[in-house]
Amino acid sequence: MKGQARGEFSSRLGFILAATGSAVGLGNIWGFPTNTAENGGAAFLLVYLILAFCLAYPALMAELIIGRHCRANIVSALGGLPSGKIGRNLGVAAGLVGVFTASAILGFYSLVAGWMVAQLAAQGATLAGADGLADWLDRQSLARDMGCALIFTVFTITLVGEGVKEGIERWSSRLMPLLLLLLLALITYVMSQPGAALGLKVYLLPDISRVLDGELIISALGQAFFSLSLGVGTMLIYGSYIPREENLPTLGAAVTLIDMGVAFLAGLLILPALFVAQQGGVEIYQNGELIAGPTLILQVLPTLFDTMGTAGIIFALAFFALLTIAALTSSISMLEVPTSLLVESTVLERRSASWLAGGVIFMLTVALVIWFDPLFALVVTATTEYSEPLLGIVLCLFAGWVISRNKLLEELRHGNPDIEHSYFWKIWPPYMRFFCPLLIAAAFIQSLR
Ligand code: PHE
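As the structure is a prediction and not an experimental result, all values here were calculated from the model.

(A) Highlighting the overall build of the protein chain. The number of helices and strands found in the protein chain is 18 helices and two strands. The C-alpha radius of gyration computed for the protein chain amounts to 21 Å, which stays within 12% of the reference 22 Å derived for 449 residues, consistent with globular compactness. Dimensions of the protein chain, computed from C-alpha atoms along their principal axes, come out at roughly 65 × 50 × 40 Å. The burial tally for the protein chain puts 57% of its 449 residues in the buried class. For the protein chain, the proportion of contacts with a sequence separation of at least 24, taken over those separated by at least 6, is 83%. Counting only carbon and sulfur atoms, one obtains 66% of the accessible surface of the protein chain, whose full area is about 17,900 Å².

Shown next, in the form of structure tokens:
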């Protein structure tokens, strides 16, 4: 680092809010329910929960430990750990892949978040009686997509530029409780509507025959990794801002539980909402499968809102505010990955670094808007289904093999002096060295067949 003090979270709660802010995003409120709808409901939920606790939590611990141990961004951390030259080069290369992946994810994430901003503004315009504007915001166009993604990107850059405590922690602490309140209010409303019970049944009663479906397993694994922001250095850099005296396994468990909890709650909102829409005459099946993806969020749900009169506008406003807030606390954590690399390895100060990184990433967003059809799905698949799990394996191997057992224990003793005698210490290190990488690889190979 070039002469600047490193940021640090001010408290345990500050870290939990920032890390859950990163984890809870479009992945939970959009991705999880639509994936669940696509993969037969409760069977997906079951597999997801098992994979999240058995594979994603240990991988999250790997990132938090590497981060706090090295107190650096992913490139310097992975490049600094091995003792040999080849190992160091490999570390730097893996770190750079992580930075590119985080940046590419932010590229497409800003576009999707821009759609949320557009919907949110459209509801505001309708309320204000500006119907022409509302129509424009509601209809897809290059100008709308670029404009709304730009607004979202500028917010992201500004918050990251403010720093760890003043920007990331402060805004996550403000926005996360608001997000939870909005979510609970929306669930309460949907549950009181006719049709909700059927949605609950589809969501909660598993069709056991689908549990071993290879496609379902890989989607659940990808979803769990994406949802916990793993494999791109986000949790690693957040881990590097955790004070030494904190207990890492407990913090990691809290983040995992909250992230899973919010995904579960989002399912309680979206699946019943689908069936409420069906009662209102909306078609929710396409070729025998439940409608999912963008059609679900951008067409089916708005049709439901339309049937609700003025209450529908307020409801839609709350819903898209919820998605925008969730997206923002995640996008700042993505931008923190390239920004921290620039701050720690060049002379740039934080604000310029976040504008530079954010500006370059916005170019990718523009490219995605222009060449949506050939590019969008490709970038999403390459980053979330390939890069994230593969880097997850690399990070587990670094935490398990490159950091010595003694150093690992020493790191975990901070904030938890008796950890040596705990189940965590008996199970986690061998798990991290062998099982976790092998299981991630197995699920990955399964997906290639
Ligand atoms: N976890 C975020 C979500 O669920 C996405 C994310 C991925 C954030 C990778 C940071 C890094 O939407």
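Picking up after the structure, the text goes on.
(B) View of the site of the ligand. Neighbouring the ligand are 15 residues; A23, G27, Y109, F226 and S227 lie closest to it. A distance of 2.8 Å separates an oxygen atom of the ligand from a polar backbone atom of G27. Here the ligand loses 100% of its free accessible area of 330 Å² to cover by the protein chains. In a pocket analysis with a 2 Å cut-off to the grid points, the ligand is assigned to the largest cavity.

(C) Representation of the environment of L304 within the structure. Secondary-structure assignment places L304 in helix α13 (residues 293-306). In this structure L304 comes out as buried when scored by relative accessible area, which is 5%. Setting aside its immediate chain neighbours within four residues, L304 contacts A273, V276 and A277.

(D) Highlighting empty space enclosed by the protein. Counted under the stated rule, the structure contains one cavity of 30 Å³ or more. The calculated volume of the largest cavity comes to roughly 130 Å³. Taken together, 15 residues make up the lining of the largest cavity; nearest its centre are S22, I105, F226, S229 and M334. Here the lining of the largest cavity takes three residues from helix α14 (residues 309-345), the largest share from any one element. Broken down by class, the residue content of the lining of the largest cavity amounts to six nonpolar, eight polar and one charged.

(E) Up close: the packing of aromatic side chains. If you walk through the whole model with that rule in mind, you get 20 aromatic pairs. Relative to Y48, the ring of F32 lies with its centre 4.8 Å away and its plane at 40 degrees, an arrangement referred to as tilted. One end of the pair, F32, is in helix α2 (residues 26-38); the other, Y48, is in helix α3 (residues 42-70), and 16 residues separate them in sequence. On the basis of relative accessible area, F32 is assigned to the buried category, the value being 0%.

Cut-offs and rules
Residues numbered from 1 in each chain as written. Predicted model: local features only at pLDDT ≥ 70, side-chain atom pairs only at ≥ 80, totals over all residues. Heavy atoms only, no water. Helix = DSSP H or I, 4+ residues; strand = E, 2+ residues; numbered from the N terminus. Rg over C-alpha atoms; globule rule 2.2 N^0.38 Å. Buried < 20%, exposed > 50% of the residue type's maximum accessible area, 1.4 Å probe, protein only. Contact = heavy atoms within 4.5 Å. Areas by Shrake-Rupley, 256 points an atom, 1.4 Å probe, with all protein chains shown as cover. Near = heavy atom within 4 Å. Polar contact = N/O pair within 3.5 Å; in protein donor to acceptor, adjacent residues only side chain to side chain. 1 Å grid on protein atoms, 1.4 Å probe; cavity = no way out; pocket = protein on both sides within 12 Å on 5 of 7 lines; lining within 4 Å. Sits in = over half its atoms within 2 Å of the grid points. Points joined across faces, edges and corners; volume = space filled by probe spheres on them. Nonpolar A, V, L, I, M, F, W, Y, C, P; charged D, E, K, R; others polar. Phe/Tyr/Trp six-rings, centres within 6.5 Å; stacked < 30°, edge-to-face > 60°.

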